[in-house]
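Observations on the model geometry
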Amino acid sequence: MKYEIVYFDLDHTILDFEKSEKIALFNTLKYFSIEPCEEYLEIYKPINEKWWKLFSEKKYPKEIIVIERFKEFFHNIGYNSTIEFKKASEIYLENLSNLGFFLPRAKDLLEELKSFNQRMAAITNGVEKVQKGRSKALNLEKYFEFILTSEKVGKPKPDPLIFYEAEKLSGVSIKSSVYIGDNPDSDYIGAKNAGMDFILYDPHNNHSELNCKKVSNYIELLKLLA
């Protein structure tokens, strides 16, 4: 294989975050006796993305964004005065930590790489508790030597620190490593800041303007890694 170790982002790269997000949000709404609907999900998604972007830009810590996103969401759907936002955040994260789904063919990719004795690990901006829970549910330790979260490191991607910490944990130099992710702002810039090779997973060709290695499916990815 081309690299000593391959690092993966998790959500939207090998895990179906949207499926987990929908179930967790709907269960949270049900807890507060609010009837879930697709309209609420479409309101929540851009709010959640906005707050995580602010987190990656180091404008707010994780403890703030996981609550503020629900404050904004419930305000937008007209339940601002009747919801305890901290409780909503706790219920949502508890649900999310017990939900894990691979994207189609992602597990096959990991199995294939494992058959070649390819070393693998994960680097993510996700919440530590959630990633640990999903790792257990999906048996990710079968494939990954470790899952390193920004919460554990103390700084989110695109800060290069998390990549340097991964280098220490694996014992493999950054020059012999590659990072695979779906987000240009956090994944691509983070790997670039650390001096690590990067491959963009872009199945819907959303980032045609980005000048980097790209794949639209796992077959193409496997060819680049071989």
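Throughout what follows, the structure given in this document is the object of discussion.

A separate point is the nonpolar core. Ranked by size, the top nonpolar core spans 30 residues in total, and within it Leu25, Leu29, Phe70, Phe73, Phe74 and Tyr92 carry the most contacts. When residues of this core are traced back to their parent elements, those giving at least two are helix H1 (17-31), helix H2 (38-56), helix H3 (62-76) and helix H4 (85-97). With seven residues, the single largest contributor to this core is H2. Apart from residues no more than four positions distant in its own chain, Phe70 is found in contact with Leu25, Tyr44, Phe85, Ala88, Ser89 and Tyr92. Core analysis: the second largest hydrophobic core is formed by 26 residues, Leu10, Ala106, Leu113 and Ile180 among them.

This part takes up the packing of aromatic side chains. For the structure shown, the criterion picks out 16 aromatic pairs. With a centroid separation of 6.3 Å and an interplanar angle of 45°, the aromatic rings of Tyr179 and Phe198 are classed as tilted. With Tyr179 in strand E4 (residues 177-181) and Phe198 in strand E5 (residues 197-201), this residue pair connects regions lying 19 residues apart in the sequence. The exposure classification of Tyr179 matches that of Phe198, with both residues buried. Residues Tyr188 and Phe198 carry aromatic rings whose centres are separated by 5.6 Å and whose planes lie at 55° to one another, so their mutual orientation is tilted. Here the residue Tyr188 occupies a position in helix H9 (residues 184-194), and Phe198 occupies one in strand E5, the gap between them amounting to ten residues. The class for Tyr188 is buried, based on a relative accessible area of 14%. Three or more aromatic residues joined by ring pairs make a cluster, and in this case those are Tyr31, Phe32, Tyr44, Phe70, Phe73, Phe74 and Tyr92.

Right, let's get into the sheet that holds E5. Reading across the sheet, the six strands line up as E3-E2-E1-E4-E5-E6 and stay open at both edges, with parallel pairing between neighbours. In this open sheet, the two edge strands, each paired with only one partner strand, are strand E3 (147-149) and strand E6 (213-215). Averaged over all pairs of adjacent strands, the angle between strand axes in this sheet comes to 25°, irrespective of strand direction. Bridge count between strand E2 (residues 119-124) and E3: three bridges; the pairing is parallel. Residue pairing for E3: Thr124 is matched across the bridge by Thr149. The strands that H9 touches are E4 and E5; relative to E5, the one it contacts most, it runs at about 160°.

The subject of this paragraph is the pattern of salt bridges. Counted by the stated rule, this structure contains 18 salt bridges. Across the pair Glu72 and Lys50 runs a salt bridge, and its minimum N-O distance is 2.7 Å. One end of the pair, Glu72, is in helix H3; the other, Lys50, is in helix H2, with 22 residues separating them in the sequence. On the basis of relative accessible area, Glu72 is assigned to the partly exposed category, the value being 23%. The partner of Lys58 in a salt bridge is Asp159, and the shortest N-O contact between them spans 2.4 Å.

Quick notes on the rules
- Residues numbered from 1 in each chain as written.
- Predicted model: local features only at pLDDT ≥ 70, side-chain atom pairs only at ≥ 80, totals over all residues.
- Heavy atoms only, no water.
- Core = buried A, V, L, I, M, F, W, Y, C linked by side-chain atoms within 4.5 Å.
- Buried < 20%, exposed > 50% of the residue type's maximum accessible area, 1.4 Å probe, protein only.
- Helix = DSSP H or I, 4+ residues; strand = E, 2+ residues; numbered from the N terminus.
- Contact = heavy atoms within 4.5 Å.
- Phe/Tyr/Trp six-rings, centres within 6.5 Å; stacked < 30°, edge-to-face > 60°.
- Pairing = 2+ DSSP bridges.
- Axes fitted to C-alpha atoms, helices over the stretch in contact; angles between N-to-C directions.
- Salt bridge = Lys/Arg side-chain N within 4 Å of Asp/Glu carboxyl O.

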